Amino acid sequence: MRDQDAHDTKNAAIDRAAAAWVIRLESGLTKDEDRDLAEWTASDPRHAAVLAEHQKAWARFAPLAALAPTAPQTRESDRKRSSLRPRRRLAPLLRFGLPALAAAAAVVVGIYLRAPATAPASARTEVASAALPAACEQRVLSDGSTVVLNRAAELTVDFSRAERRVHLVRGEASFTVAKDAARPFIVVGSGVEVRAVGTAFNVRLGRERTEVLVTEGVVRVNAAAARTELTLDAGQHVAIAGNSPATAPLVTTLLPAEIERELAWQPRMLDFDNVALAEIVAAFNLRNPVPMVVADPVLAAVRLTASFRSDHVASFVRLIESNYGVHVESRGDALVLRRE
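Structure report, in brief. Treat the numbers as computed from the prediction; the structure is a model and nothing was measured.

## Focus on the side chain of Arg-151
Line of reasoning, step 1. Assignment of secondary structure puts Arg-151 in the loop between strand 2 (146-149) and strand 3 (154-159).
Line of reasoning, step 2. Nearest to the buried, unbridged Arg-151 among oppositely charged side chains is Asp-311, at 5.4 Å.
Line of reasoning, step 3. Here the side chain of Arg-151 touches Asn-288 through a polar contact of 2.5 Å, side chain to side chain.

Encoded structure:
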């Protein structure tokens, strides 16, 4: 009986720790926290599995995180202090499981809107869910490496004692690899193999070519069909033709602004302080496949103070509909914003 109680206590502790890591991942990890997470996942095979389950559950609740307001942050020092507060307040919430964590997500996301002078219109979302782009997904692998999946991307993981192998089935993914000299980290997709020990890089599988961009460290790229093996340093990009193996891979060195454009799809916090709606929409449009259009110049000039994750378009739409009397409808390949 005592053994069973100890087992249950251990499982409960793992569950609480995994839930706490999900919250920290949502707001971004420091280098020390990256190391701590790697050590935690490596210390017990159950840790990575439980963390993955919590991440799946979090993904279902994440769109709700943008719906609750918090106090405004007007100074950078205030923003830094507020980013620390949720971690001290999470302990009571963790006892109640993921529904409570979903409510806590609003604290992490930190949305605040200056309410309009008129009474808010009732929420009325008529946009088909298929018209809204799905959010990107971040995962922590069992070795402590992290991967950010672009929309519709898919991969499988096959780790052994000799190597860490990831198969990118389709789409685009960005990898930050935990250092492990004894087990190289290998990403395979469309006949191209990208090998690293500890580094950060992006892989995009296209219809006609596979692209690799290194943002940190060094990787080796092997394209069997093209009979090519390359070594790429940070800032270098290669495009390997898939339909014409005889075509030599094109290697270029990108400027920081070019790297930023290549990785603009990755989720990030968009912070606005008294900014016109038209400018906020433009910032979303830089990072999402379904553009928004503000059809009314009066509405375009409405000013908001808010912080959103760049891939939480659905949450943004629901929020402006319920608080600003905005009607959003799907028109072809765009979302049109109008006043009610």
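Okay, back to it.
## Things to note about the sheet that holds strand 17 (residues 326-331)
Line of reasoning, step 1. Strands sit in the order 15-18-17 across an open sheet of 3 strands; the sheet is mixed. This sheet does not close on itself; its edge strands, each paired only once, are strand 15 (292-294) and strand 17. Averaged over all neighbouring strand pairs, the angle between strand axes comes to 25 degrees, with direction disregarded.
Line of reasoning, step 2. Inspection of the sheet shows strand 15 paired to strand 18 (residues 334-339) by 3 bridges, in the parallel sense. Its bridge partner being in strand 18, Val-294 is matched across the sheet by Leu-337.

## What about the environment of Ala-300?
Line of reasoning, step 1. Tracing the backbone shows Ala-300 in helix 8 (residues 297-300).
Line of reasoning, step 2. Given a relative accessible area of 14%, Ala-300 falls into the buried group.
Line of reasoning, step 3. Separated by 21 residues in sequence, Ala-300 and Glu-279 have C-alpha atoms that sit 8.1 Å apart.
Line of reasoning, step 4. Not counting the four nearest positions on each side in its chain, Ala-300 is found in contact with Ala-276, Leu-277, Ala-278 and Val-294.

## Some remarks on the environment of Leu-230
Line of reasoning, step 1. Among the structural elements, Leu-230 can be located in strand 11 (residues 228-233).
Line of reasoning, step 2. Sequence separation between Leu-230 and Pro-249 is 19 residues, and the spatial gap between their C-alpha atoms is 9.2 Å.
Line of reasoning, step 3. Ignoring anything within four residues of it in the chain, the contact list for Leu-230 reads Val-219, Arg-220, Val-221, Val-238, Pro-249 and Val-251.

## Quick look at unusual backbone geometry
Line of reasoning, step 1. Look at Ala-152: it is not a glycine, yet its phi comes out positive at around 70 degrees.
Line of reasoning, step 2. Its location among the elements puts Ala-152 in the loop between strand 2 and strand 3.
Line of reasoning, step 3. The phi torsion at Ser-190 lies on the positive side, around 55 degrees, for a residue other than glycine.
Line of reasoning, step 4. Relative to the elements of secondary structure, Ser-190 occurs in the loop between strand 6 (185-189) and strand 7 (192-196).

## Topic: the packing of aromatic side chains
Line of reasoning, step 1. On inspection of all chains with the given rule, the structure shows 6 aromatic pairs.
Line of reasoning, step 2. When the centroid spacing of 5.1 Å and the interplanar angle of 90 degrees are considered together, the rings of Phe-308 and Phe-316 count as edge-to-face. Grouping residues by exposure puts Phe-308 and Phe-316 together as buried.
Line of reasoning, step 3. Among the aromatic residues, those joined into a cluster by ring pairs are Phe-159, Phe-175, Phe-185 and Phe-201.

Each value, and the rule that gives it
Residues numbered from 1 in each chain as written. Predicted model: local features only at pLDDT ≥ 70, side-chain atom pairs only at ≥ 80, totals over all residues. Heavy atoms only, no water. Helix = DSSP H or I, 4+ residues; strand = E, 2+ residues; numbered from the N terminus. Buried < 20%, exposed > 50% of the residue type's maximum accessible area, 1.4 Å probe, protein only. Lys, Arg positive; Asp, Glu negative; His and termini not counted. Salt bridge = Lys/Arg side-chain N within 4 Å of Asp/Glu carboxyl O. Polar contact = N/O pair within 3.5 Å; in protein donor to acceptor, adjacent residues only side chain to side chain. Pairing = 2+ DSSP bridges. Axes fitted to C-alpha atoms, helices over the stretch in contact; angles between N-to-C directions. Contact = heavy atoms within 4.5 Å. Phe/Tyr/Trp six-rings, centres within 6.5 Å; stacked < 30°, edge-to-face > 60°.

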